[in-house]
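Residue-level structure breakdown
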Amino acid sequence: MADKAEVNLTGVKQSKGVWLVKVPKYLSQRWDKATEKGEVGKITIGKKQGKTDVRFTLKEELTAPGAVGEKDASLQVPREHPFTMHTVGGQTMAVFSQSDTDGISLEGMVVHRAECRPVVNEDYMRLKKLQLKESMKPQRLSQQLEKAVTTIFKPVANHDFNLEHEKKKKSEGKMVRAERQLVLDMLFSAFEKHQYYNIKDLVDITQQPVTYLKEIMRDIGTYNSKGAHKSTWELKPEYRHYQSAEEEEKEEMQTA
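I will try to describe carefully the structure that is included in this document. In this text the structure is predicted, and so the values were computed from the model without any measurement.

Let's talk about the overall build of the protein
For the protein, the count of helices and strands is 8 helices and 9 strands. Here the protein, with 256 residues, has 24% of them falling under the buried criterion. Relative to all contacts within the protein whose residues are 6 or more apart in sequence, the contacts with residues 24 or more apart total 63%. Accessible area of the protein: about 18800 Å², with a carbon and sulfur share of 50%.

Pasting the structure below:
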């Protein structure tokens, strides 16, 4: 980009307003794989219980399993994505575009901010579990050797530190860390039954050390330090497969 590039301010003259919307990563990946026509879905704006309801519906062919070449060919992404609207908050924000010739144009001023979130269902939960599993894969890969490695080290059936660990486990009865994915599966299964748990209950359910369990819960959960559910943990909104207590109370009040 040139230091003295001119900016086309037609967007300001036309008083063009634009929306600044945050979307999930998997959704932008699906958009990149759209056909040449560029149609990726539809946005509908309506009324729901007296409030403006904005939602994005992904084009059906882009929700199909393996549409973007995922390793799990059976994976299907959510189609419905309601918008969570936010105020601009007194900020002045604008959207610019850059052409192939480095020309800069002002497309418009941001008049609405929003987050495009999926409807939490079984497809979404499977997607999140797969993303967690992928993020935990080691960066280093094993390599098969064509020739045997001739060193002073010889293979053994079990190493001394493993034997010592097993001996200590039996004698002291201490909890030993399980694989992270196994612990995540146990936690997700538990939170499908109840929304809130204290750490002691989670330790009883998973049989994992407190320090290790808290480390995992900080990634997927929120700790309530006050309120009616003080000293308990609950899943973050993106991992929930149920309505929050606040949402349930709002629905009950609106129904009443």
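Quick word on helix α5 (residues 180–191)
Between its first and last C-alpha atoms α5 spans 16 Å; for 12 residues at 1.5 Å apiece the expected length is 16 Å, and the two agree. Residues of α5 that are buried: Arg180, Gln181, Val183, Leu184, Leu187, Phe188, Ala190 and Phe191. Looking at the buried side of α5, the elements it contacts are α3 (122–135), α6 (199–206), α7 (210–220) and β9 (232–235).

Overview of α6
If you check which residues of α6 are buried, you get Leu202, Val203 and Thr206. In a view along the axis of α6, the buried residues occupy a sector of 105°, so they form one face of it. On its buried side, α6 packs onto α5, α7 and β9. Looking one or two residues past α6, glutamine 207 carries a phi angle of roughly 60°, positive in sign.

Considerations on the nonpolar core
Ranked by size, the top nonpolar core spans 20 residues in total, and within it Leu187, Phe188, Leu202, Met217 and Ile220 carry the most contacts. Elements that contribute at least two residues to this core include exactly α3, α5, α6, α7 and β9. A total of 6 residues in this core trace back to one element, the largest contributor, which is α5. If you look at the next biggest cluster of nonpolar residues, it comprises 13 residues, including Tyr26, Phe56, Leu58 and Leu62.

Brief notes about the pairing of β9
Along any regular strand, the residues point their side chains to alternate faces of the sheet. Side chains of β9 alternate between two faces, with Thr232 and Glu234 and Trp233 and Leu235 buried alike. Where strand β8 (residues 221–224) meets β9, 4 bridges bridge the pair, whose relative direction is antiparallel. By the bridge assignment for β9, tyrosine 223 is matched with tryptophan 233.

Points about a nonpolar patch on the surface
Taken together, the side chains of Trp19, Ile43, Ile45, Met85 and Val111 present a nonpolar region at the surface, about 470 Å² in accessible area. Considering the arrangement of structural elements, one finds valine 111 in strand β7 (residues 104–116).

A word on unusual backbone geometry
The phi dihedral of glutamine 49 is positive, around 55°, even though this residue is not glycine. Structurally, glutamine 49 is set in the loop between β3 (41–48) and β4 (51–58). On the basis of relative accessibility, which here comes to 55%, the residue glutamine 49 falls in the exposed class. Even without a glycine there, the phi angle at glutamine 207 is positive, about 60°. Tracing the backbone through its elements, the reader meets glutamine 207 in the loop between α6 and α7.

Calculation rules
- Residues numbered from 1 in each chain as written.
- Predicted model: local features only at pLDDT ≥ 70, side-chain atom pairs only at ≥ 80, totals over all residues.
- Heavy atoms only, no water.
- Helix = DSSP H or I, 4+ residues; strand = E, 2+ residues; numbered from the N terminus.
- Buried < 20%, exposed > 50% of the residue type's maximum accessible area, 1.4 Å probe, protein only.
- Contact = heavy atoms within 4.5 Å.
- Areas by Shrake-Rupley, 256 points an atom, 1.4 Å probe, with all protein chains shown as cover.
- Expected span 1.5 Å × (residues − 1).
- Arc of directions from axis to C-beta.
- Core = buried A, V, L, I, M, F, W, Y, C linked by side-chain atoms within 4.5 Å.
- Pairing = 2+ DSSP bridges.
- Patch = residues over 30% accessible without salt bridge, like charges linked within 9 Å, V, L, I, M, F, W, Y side chains within 5 Å.
- Salt bridge = Lys/Arg side-chain N within 4 Å of Asp/Glu carboxyl O.

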